[in-house]
Amino acid sequence: MKIISLNIRGLGSCCKRTWLKEICKIQSPYMLGIQETKLKEVHNIMVLDFWGTLDGDFAHIEASGKSGGLLTVWNKNTFKCEFVIKEDNFLAVVGKWDNTSGLITFYGPNDAKGRKILWSKLDLLCEKEEISWIFLGDSNEVYGKHERFNSETNPKGSRDFNDFIQRNGLLDVRMGGNKFTRVSDNGMKFSKLDRFLMTSGFEKLWRKIGEKVLERKWSDHAPIALYDLGEISVHQLLSSLTPDCIFKDKLKNVKLAIKAWMKERDGDIESALKSAKEEVNR
């Protein structure tokens, strides 16, 4: 099982649809949530083109002017849609997936007041305890300043976001890959705005849940993937990670090896280096 989320910043161009087609071909998601389509209409032909198979079904919310627009696509052989809820800034698809599950694709407004209203609306959905919910999308908000670099944080906005997560007991899956999911157009500001959140009921559907950042191409946001670690091979996991993530992990392994080497020598750096030089010169 795998779910993909992406703020694509416009689905009208051929290059972005080709990119989305590549993502679907490589990742083979069961569900896909797209934010900021910037489209008034989404046609079957378009979805079929990037989804790649005839087993896809979808729901969408049209853009307002040249902004917004949400699209959710799912494998209808795996997920049986029963009804759809459309509101400003979120699209909820509810149906059967082992149990009664709901997938909510959302996009946080640019202003903190608008985001707080969105969190309040999503609170009402979380009250439906018979449904296992998963939220995916661009929150336009962060937990705190540690999720931004060279970018300002709104403390009140962060508190409102944290309060929403805590009062609904939502799980924020630990993310692998890049630390940030969005980079500014000038390449100087970084933020973690995209994420998956879920209720405990949804967590029980999968044996072990993982989340990772995929390669960013034609948007200021990178795609993120939620997957069942029990169904993904090591090769698939490594091949989908970005190069800097793999390099970071290699450095981590080197650091651990150095620590172990130093521990064997009781932390005596000078003696350890002298011993190492002697071994090299033999």
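Residues numbered from 1 in each chain as written. Predicted model: local features only at pLDDT ≥ 70, side-chain atom pairs only at ≥ 80, totals over all residues. Heavy atoms only, no water.

Under the annotation held in an unreviewed UniProt entry, the protein chain carries the name Endonuclease/exonuclease/phosphatase domain-containing protein and is attributed to Centaurea solstitialis. Reading the Sequence similarities (unreviewed entry) entry of the UniProt record for the protein chain gives the comment "Belongs to the DNA repair enzymes AP/ExoA family." (UniProt positions renumbered as here; feature names shortened; annotations may be inferred.)

Right, let's talk about helix H2 (residues 44–51) for a bit. Taken together, the buried positions of H2 are occupied by Met46, Val47, Phe50 and Trp51. All buried residues of H2 lie within an arc of 115° about the axis, which places them on one face of the element. The exposed set on the far side of H2, more than 90 degrees from its buried face, consists of Asn44 and Ile45. Elements that come into contact with the buried residues of H2 comprise helix H1 (14–27), strand S2 (31–35), strand S3 (56–61) and strand S4 (70–75). Downstream of H2 by a residue or two, Gly52 has a phi angle that is positive, lying close to 90°. (Buried < 20%, exposed > 50% of the residue type's maximum accessible area, 1.4 Å probe, protein only. Helix = DSSP H or I, 4+ residues; strand = E, 2+ residues; numbered from the N terminus. Arc of directions from axis to C-beta. Contact = heavy atoms within 4.5 Å.)

Glancing now at the packing of aromatic side chains. Here the structure, examined in full by the defined rule, presents nine aromatic pairs. With a centroid separation of 5.7 Å and 25° between ring planes, the pair formed by Tyr143 and Phe161 is classed as stacked. Here Tyr143 is found in the loop between strand S8 (132–138) and strand S9 (148–149), whereas its partner Phe161 is found in helix H4 (residues 155–167), with 18 residues between them in sequence. Look at Tyr143 and you get partly exposed, because its relative accessible area is 22%. Taking the centre distance of 6.2 Å and the plane angle of 45° together, the rings of Phe149 and Phe190 count as tilted. With Phe149 in strand S9 and Phe190 in strand S13 (residues 190–191), this pair connects stretches of sequence that are 41 residues apart. Overall, Phe149 belongs to the partly exposed group, its relative accessible area being 45%. Assessed through its relative accessible area of 27%, Phe190 is described here as partly exposed. Within the aromatic cluster, the residues linked to one another by ring pairs are Phe106, Trp119, Phe135, Tyr143, Phe161 and Phe164. (Phe/Tyr/Trp six-rings, centres within 6.5 Å; stacked < 30°, edge-to-face > 60°.)

Our next topic: the pattern of salt bridges. In total, this model carries 13 salt bridges according to the counting rule given. A salt bridge links Glu22 to Lys217; the nearest nitrogen and oxygen atoms lie 3.1 Å apart. With Glu22 in helix H1 and Lys217 in the loop between strand S15 (209–213) and strand S16 (224–228), the pair connects residues that are 195 residues apart, well separated along the chain. On the accessibility criterion, Glu22 (35% relative accessible area) is partly exposed. Of the residues examined, Lys217 reaches a relative accessible area of 40% and is grouped as partly exposed. Between Arg167 and Asp123 there is a salt bridge, and its shortest N-O distance comes to 2.8 Å. Note that Arg167 is positioned in helix H4 and Asp123 in helix H3 (residues 112–126), a separation of 44 residues in sequence. Each of Arg9, Arg182, Asp185 and Asp220 takes part in salt bridges that share partners, so that together they form one network. (Salt bridge = Lys/Arg side-chain N within 4 Å of Asp/Glu carboxyl O.)

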